[in-house]
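Here is what each chain is made of, one letter per residue.
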Amino acid sequence: MLLKTASQSLTDQLCNRFAERIRTRLLAPGARLPSVRLCAQQQGVSPSTVVAAYDQLLAQGLVEARRNRGFYVREM
């Protein structure tokens, strides 16, 4: 569960959670991340928070966006 804290935003917490799962191979290359809506519902955050977290993962080179298909874990 994500918690509002002064030290780390919900976006950063979500991004870090996915990044850790990708780096430890819990999410394998080619795996699809949950849809923005589903992830927002599961984590109890707004869709904009999920979009921002996924954008951070894109910037870090951990995932790729496929038009109209979602976000997928990249090969390292």
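Our subject is the structure that appears above.
Residues numbered from 1 in each chain as written. Predicted model: local features only at pLDDT ≥ 70, side-chain atom pairs only at ≥ 80, totals over all residues. Heavy atoms only, no water.

1. Points about the packing of helix H1 (residues 10–23) against helix H3 (residues 47–59)
When two helices pack together, their arrangement is given by the angle between the helix axes and the distance between those axes. The interhelical angle for the contact between H1 and H3, taken along N-to-C directions, is 50 degrees, at an axis separation of 8 Å. By the angle between their directions, the pair H1 and H3 is classed as oblique. H3 is crossed by H1, and the crossing has right-handed handedness. Together, Leu-10, Thr-11, Asp-12, Leu-14, Cys-15, Phe-18 and Ala-19 of H1 and Thr-49, Val-50, Ala-52, Ala-53, Tyr-54, Gln-56 and Leu-57 of H3 make up the contact between the two elements. (Axes fitted to C-alpha atoms, helices over the stretch in contact; angles between N-to-C directions. Helix = DSSP H or I, 4+ residues; strand = E, 2+ residues; numbered from the N terminus. Parallel < 35°, antiparallel > 145°, perpendicular 65-115°, else oblique. Left-handed = near helix turned anticlockwise from the far one by under 90°. Contact = heavy atoms within 4.5 Å.)

2. Considerations on the packing of helix H2 (residues 36–43) against H3
One way to put it is that H2 packs onto H3 with a least axis distance of 8 Å and a crossing angle of 110 degrees. As summarised for this structure, H2 and H3 are arranged roughly perpendicular, according to the angle between their axes. Seen from above, H2 lies across H3 with right-handed handedness. Across the interface between the two elements, Val-36, Cys-39 and Ala-40 from H2 touch Pro-47, Val-50, Val-51 and Tyr-54 from H3. Here the residues of the contact of H2 with H3 are counted per class, giving seven nonpolar, no polar and no charged. (Nonpolar A, V, L, I, M, F, W, Y, C, P; charged D, E, K, R; others polar.)

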